[in-house]
Amino acid sequence: MKKKLYSAAAMTLVAGLLLAGCGNEKEKNAAKDESGKDTFNIGVTQIVQHDSLDQAYEGFQAALKDSDINAKYDLQIAQGDQNNSQTIANNFVGDKVDLIFANSTPSALSALNATKDIPIVFTSVTDPVAGELVTSLEKPGGNVTGTTDSHPEAIAKSMKFLAEELGAKTIGTVYNTGEQNSVVQIKNVKAEAKKAGLKVVEASVSTSADVKQATESLIGKADAFYIITDNTVVSALESVISVANDQDIPLFVGELDSVNAGGFAAYGFSYYDIGYEAGQKAVEILKDGKKPGDIPVQYPQKLKLVINEKAAKDMGVEIKEEWKADAEFVK
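Since this is a predicted model, take the numbers as computed values, not measurements.

What counts as what
All chains use their own residue numbering, which begins from 1 and follows the written sequence. In view of the model being predicted, local features appear only for residues whose pLDDT reaches at least 70, and side-chain atom pairs are presented and counted only at 80 or more, with totals across whole chains, interfaces and linings using the full set of residues. Note that water and hydrogens are dropped before the side-chain values are worked out from all heavy atoms of the structure. In this text, helices come from DSSP runs of H or I with a minimum length of four residues, and strands from runs of E with a minimum of two, each type numbered from the N-terminal end. The buried label applies to any residue whose accessible area, calculated with a 1.4 Å probe on protein chains only, is under 20% of its type's maximum; exposed applies above 50%, and partly exposed to all values in between. Note on contacts: a residue pair is in contact if any heavy atoms of the two residues lie within 4.5 Å. Pairing of aromatic side chains here covers Phe, Tyr and the six-membered ring of Trp, requires ring centres within 6.5 Å, and sorts the geometry by plane angle: under 30 degrees stacked, over 60 edge-to-face, intermediate tilted. We call a set of buried residues a nonpolar core when its members are Ala, Val, Leu, Ile, Met, Phe, Trp, Tyr or Cys and they connect through side-chain atoms within 4.5 Å of each other. For two strands to be treated as a pair, DSSP must find no fewer than two bridges joining them. Handedness of a crossover is defined as follows: with both strands directed away from the viewer, a clockwise route from the first strand across the helix to the second makes it right-handed. Orientation is described by axes fitted as lines to C-alpha atoms, over the contacting stretch for helices, and by angles from 0 to 180 degrees between their N-to-C directions. Put plainly, a pocket is an open set of points on a 1 Å grid over the protein atoms alone with protein on both sides within 12 Å along at least five of seven lines, a cavity is a set where a 1.4 Å probe fits but cannot get out, and a lining residue has an atom within 4 Å of a point. Grid points are joined across faces, edges and corners, and a volume is the space filled by probe spheres set on the points. Each residue gets one label: Ala, Val, Leu, Ile, Met, Phe, Trp, Tyr, Cys and Pro are nonpolar, Asp, Glu, Lys and Arg are charged, and the others, such as Gly, are polar. For a helix, the expected span equals 1.5 Å multiplied by the residue count minus one.

Section: the overall build of the protein chain
Regarding its fold elements, the protein chain presents 12 helices and 12 strands. Put simply, the protein chain has 331 residues, and 50% of those count as buried. Taking contacts inside the protein chain between residues at least 6 apart in sequence as the whole, the part at least 24 apart equals 70%.

Dropping the structure here:
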């Protein structure tokens, strides 16, 4: 009889511990701040650190703050290493974060490889369909949505400007062939360059340390440089700018932060804006309970031509009066 009583007591104790464990897990996933509001844990994965991606992250945070969402962020930089990126994503899944903000194509792919359950919101992704992140832009499906860093008209307008306004015949470009984001863009660059009557010469890199030598290899082969939104190259953009300035070769770039950094010009948009727009999608998930796969992927909403006057002078480009009607200028 005693043995049965001890057995029953033991079972009661185990059941109590299990229930306590479940209660603690629930409490962990529904963390509250001092005012009793929910605080969401958000894992932020970013392939490298450079101004454009940093601005996107700032925009994302601002959107959640403006929607009165309390969030605790865990920012992890992969230093350009895909293995690091996958480890970061796996760790976020192990930590059971409420949402993953993936800031770049490699970061988003790693996150999707790690989980099909935790909501993923991306930005700084050029072609999420070709990258197999989503089924379509209108109906992403699964646990993923976000904003792209590719405007449908940006590359075409850039090629037209290089050919018609700068009189270029051959453009040189440097990119990382290991970035899916870049492979898609270069394919588009070649197609639009052909339409504009331009020839494209290219140099590939694997790391940011390769960028200067790769750029120098294009000297004498190109009338102008065009750098896409390649994370590896943009993180070492000063090397490209240095060569462009020394050789009087106009440097057209793929986004506005690179213009501010010393590129001659770009048809671009604010990475802060696309980060903010991605944040608004996160709000729909966290606050409104929407499924990521039901929220359409969005293109950048504002495309404009921006010209850096100092860079133009450094690269031997004469500012035409007619450009002032269509472009914004920075110094």
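Concerning the packing of aromatic side chains
Applying the stated criterion across every chain, the model contains 12 aromatic pairs. Between Phe252 and Tyr267, the aromatic rings sit 6.3 Å apart at their centres with planes inclined by 35 degrees, giving tilted as the arrangement. Taken together, the residues Phe252 in strand S9 (residues 251-253) and Tyr267 in strand S10 (residues 265-268) connect sequence positions 15 residues apart. Their ring planes at 55 degrees and their centres at 6.2 Å tell us that Phe264 and Trp323 sit as a pair that is tilted. Residue Phe264 is located in the loop between helix H10 (256-260) and S10, and its partner Trp323 is located in the loop between helix H12 (309-314) and strand S12 (327-330); the two are separated by 59 residues in the primary sequence. The exposure classification of Phe264 matches that of Trp323, with both residues buried. Ring-pair connections join several aromatic residues into one group, and the members of that group are Phe161, Tyr226, Phe252, Phe264, Tyr267 and Trp323.

Structural notes on the nonpolar core
In this structure, Met159, Ile171, Phe225, Tyr226, Leu251, Phe252 and Phe264 are the most contacted members of the largest nonpolar core, which totals 52 residues. Look past the residues within four positions of Phe252 in its chain and what remains in contact with it is Ser158, Phe161, Leu162, Phe225, Tyr226, Ile227, Phe264, Ala265, Ala266, Tyr267 and Leu305. Judged by nonpolar contacts, the second largest core, of 21 residues, contains Phe92, Ile118, Ile120 and Leu137.

Thoughts on the pairing of strand S4 (residues 120-125)
For S4, a buried count of 6 out of 6 residues is recorded, marking the element as mostly surrounded by other parts of the structure. As judged from the 4 bridges shared by strand S3 (residues 99-103) and S4, these two strands associate in the parallel manner. Bridge assignment links Phe101 to a residue of S4, and that residue is Val121. At this point the chain moves from S3, through helix H4 (residues 105-114), to the parallel S4, and the crossover so formed is right-handed.

Overview of helix H5 (residues 154-164)
Residues Ala154, Ile155, Ser158, Met159, Phe161, Leu162 and Ala163 constitute the buried set of H5. Summarising the contacts, the buried residues of H5 are in contact with strand S6 (170-176), helix H6 (180-195), strand S8 (224-227), S9, S10 and strand S11 (304-308).

A few points about the sheet that holds S3
Overall, parallel pairing links the 5 strands, which are arranged S2-S1-S3-S4-S5 in an open sheet. The sheet is open, and its two edges are formed by strand S2 (70-77) and strand S5 (144-148), each paired on a single side. Strand-to-strand, the axes of this sheet are offset by a mean angle of 20 degrees, without reference to chain direction. Packing of helix H11 (residues 271-286) onto the sheet brings it into contact with strand S1 (39-46), S3, S4 and S5, and relative to S4 it is tilted by some 165 degrees.

Describing empty space enclosed by the protein
Scanning the model with the defined rule gives 3 cavities of 30 Å³ or more in all. Size it by volume and the largest cavity reaches roughly 50 Å³. In terms of lining, the largest cavity is formed by His50, Ser52, Leu53, Ser124, Asp149, Asn181, Thr229, Asn231, Val234, Glu255 and Tyr271. Listed by contribution, the elements that provide at least two residues to the lining of the largest cavity are helix H2 (51-66) and helix H8 (231-234). In terms of residue class, the lining of the largest cavity is made up of 3 nonpolar, 6 polar and 2 charged.

With respect to H6
The end-to-end C-alpha distance of H6, which contains 16 residues, comes to 23 Å, matching closely the 22 Å that a straight helix rising 1.5 Å per residue would cover. Looking at the buried residues of H6, the elements they touch are H4, S4, H5, S6, strand S7 (199-205) and S8. Positive phi appears at Gly197, one or two residues downstream of H6, with a value of about 80 degrees.

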